[in-house]
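# Observations on the model geometry
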Amino acid sequence: LTGAKRGEMVCDFSAGAGGKTLALGAMMRNSGRLYAFDVAEKRLANLKPRLARSQLSNVQPQLLSGENDVKVKRLAGKLDRVLVDAPCSGLGTLRRSPDLKWRQTPESVAGLAAGQAAILASAARLVKPGGRLVYATCSLLPEENEAVVEAFLANRPEFALKPAGAVLAEQGVALEMGDYLRLDPLHHGTDGFFAAVLERAQ
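For the structure given in this document, a descriptive report is provided here. (Residues numbered from 1 in each chain as written. Predicted model: local features only at pLDDT ≥ 70, side-chain atom pairs only at ≥ 80, totals over all residues. Heavy atoms only, no water.)

Turning our attention to the packing of aromatic side chains. On inspection of all chains with the given rule, the structure shows 5 aromatic pairs. Consider the rings of tyrosine 180 and phenylalanine 194, whose centres lie 5.1 Å apart with planes at 40°: the pair is tilted. Of the two residues, tyrosine 180 sits in the loop between helix H7 (164-170) and strand S7 (181-183) while phenylalanine 194 sits in strand S8 (residues 193-200), which places them 14 residues apart along the sequence. When its relative accessible area of 2% is taken as the criterion, phenylalanine 194 is described as buried. A network of ring pairs unites the aromatic residues Phe13, Tyr35 and Phe37 as a single cluster. (Phe/Tyr/Trp six-rings, centres within 6.5 Å; stacked < 30°, edge-to-face > 60°. Helix = DSSP H or I, 4+ residues; strand = E, 2+ residues; numbered from the N terminus. Buried < 20%, exposed > 50% of the residue type's maximum accessible area, 1.4 Å probe, protein only.)

Moving on to helix H6 (residues 146-155). Turning to H6, its buried residues number three or more, namely Glu146, Val148, Val149 and Phe152. In an axial view of H6, the angular spread of the buried residues amounts to 165°, which keeps them on one side of the axis. Exposed and facing more than 90 degrees away from the buried side of H6 are Ala154 and Asn155. (Arc of directions from axis to C-beta.)

Despite not being glycine, asparagine 30 has its phi angle at roughly 60°, a positive value. Mapping asparagine 30 onto the fold places it in the loop between helix H1 (19-27) and strand S2 (33-38). Judged by relative accessible area, asparagine 30 falls into the partly exposed class, the value being 29%. With a phi angle near 65°, glutamine 55 is a residue other than glycine that sits in the positive phi range. Along the polypeptide, glutamine 55 turns up in the loop between helix H2 (41-54) and strand S3 (59-63). On the basis of relative accessible area, glutamine 55 is assigned to the exposed category, the value being 66%.

Let us now look at the pattern of salt bridges. Enumeration over the complete set of coordinates arrives at 12 salt bridges. With a closest N to O distance of 3.8 Å, lysine 71 and aspartate 69 form a salt bridge. In this structure, the salt-bridge partner of aspartate 191 is arginine 96, at a minimum N-O distance of 2.4 Å. Note that aspartate 191 is positioned in the loop between helix H8 (185-188) and S8 and arginine 96 in the loop between strand S4 (79-85) and helix H4 (100-103), a separation of 95 residues in sequence. The class for aspartate 191 is buried, based on a relative accessible area of 8%. (Salt bridge = Lys/Arg side-chain N within 4 Å of Asp/Glu carboxyl O.)

Examined bridge by bridge, strand S1 (residues 9-12) and S2 share 4 bridges and lie parallel to one another. Within S2, the position partnered with methionine 9 by the bridge is arginine 33. Read from S1 through H1 to S2, the crossover connection turns out right-handed. Of the strand pairs in this sheet, S1 and S4 are connected by 3 bridges, and their pairing is parallel. Within the sheet, the bridge partner assigned to cysteine 11 lies in S4 and is valine 82. (Pairing = 2+ DSSP bridges. Right-handed = clockwise from strand over helix to strand, strands pointing away.)

Counting 28 residues, the largest nonpolar core has Phe13, Phe37, Val82, Val84, Leu126 and Leu133 as the members making the most contacts within it. Secondary-structure elements contributing two or more residues to this core are S2, S4, helix H5 (106-124), strand S5 (127-137), H6 and S8. If you tally residues by element for this core, the top one is H5, at 5 residues. Once residues lying within four places of it in the same chain are set aside, the contact partners of phenylalanine 37 are Cys11, Asp12, Phe13, Ser14, Ala15, Gln62, Leu64, Val72, Leu75 and Leu126. The next biggest cluster of nonpolar side chains, apart from the first, holds 24 residues, and it includes Ala4, Leu56, Ala136 and Val197. (Core = buried A, V, L, I, M, F, W, Y, C linked by side-chain atoms within 4.5 Å. Contact = heavy atoms within 4.5 Å.)

Moving on, we get to H2. A rise of 1.5 Å per residue sets the reference length of H2, with its 14 residues, at 20 Å; its end C-alpha atoms lie 20 Å apart and thus fit the reference within 8%. Residues of H2 that are buried: Leu44, Leu47 and Leu51. Looking one or two residues beyond H2, the residue adopting positive phi is glutamine 55, at roughly 65°. (Expected span 1.5 Å × (residues − 1).)

Next up on the list: the environment of alanine 118. Mapping alanine 118 onto the fold places it in helix H5. Overall, alanine 118 belongs to the partly exposed group, its relative accessible area being 30%. Sequence spacing of alanine 118 and phenylalanine 152 is 34 residues, and the spatial spacing of their C-alpha atoms is 9.5 Å.

Have a look at this one:
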């Protein structure tokens, strides 16, 4: 969904241990610049040996103090693609972690949604005119997905939703989707995932 290409400036805004970062680096064919941001030093430390094995030289792991870190401000309006795989309830992974349903409450989900909105707003500052922002979770709850995206779009008229189905079709991915990417165990044999593609006007 990011459509990352050679020579672009791209950011994995919640890089974690770097699985998505490495996939983006491969899409970019080890050219351009790829930032791997995270607020957890331990997770970024797990990226380093994987990065060495991948032989990617265009990745820059960077520890953030929070979504308003000065490193984010420095790159404002400069990036072609930004991926936000937001921290979420993980309720899309219930088939593998059934105990998750006992660890979440309506209050905890509301707290996560507030954090997701703040992270998305911060990541959006990085996107240059004509650039793309992808918001994703491994949750199936509308409060963490559509509601976050719709609230963001209501406040940021320079961004518009690009139908996920159209983005996939452009790349020859035969997957029937509408405005949003929604995957689930019943229909796709995967965990539950959600993603939205947001493009900034020129």
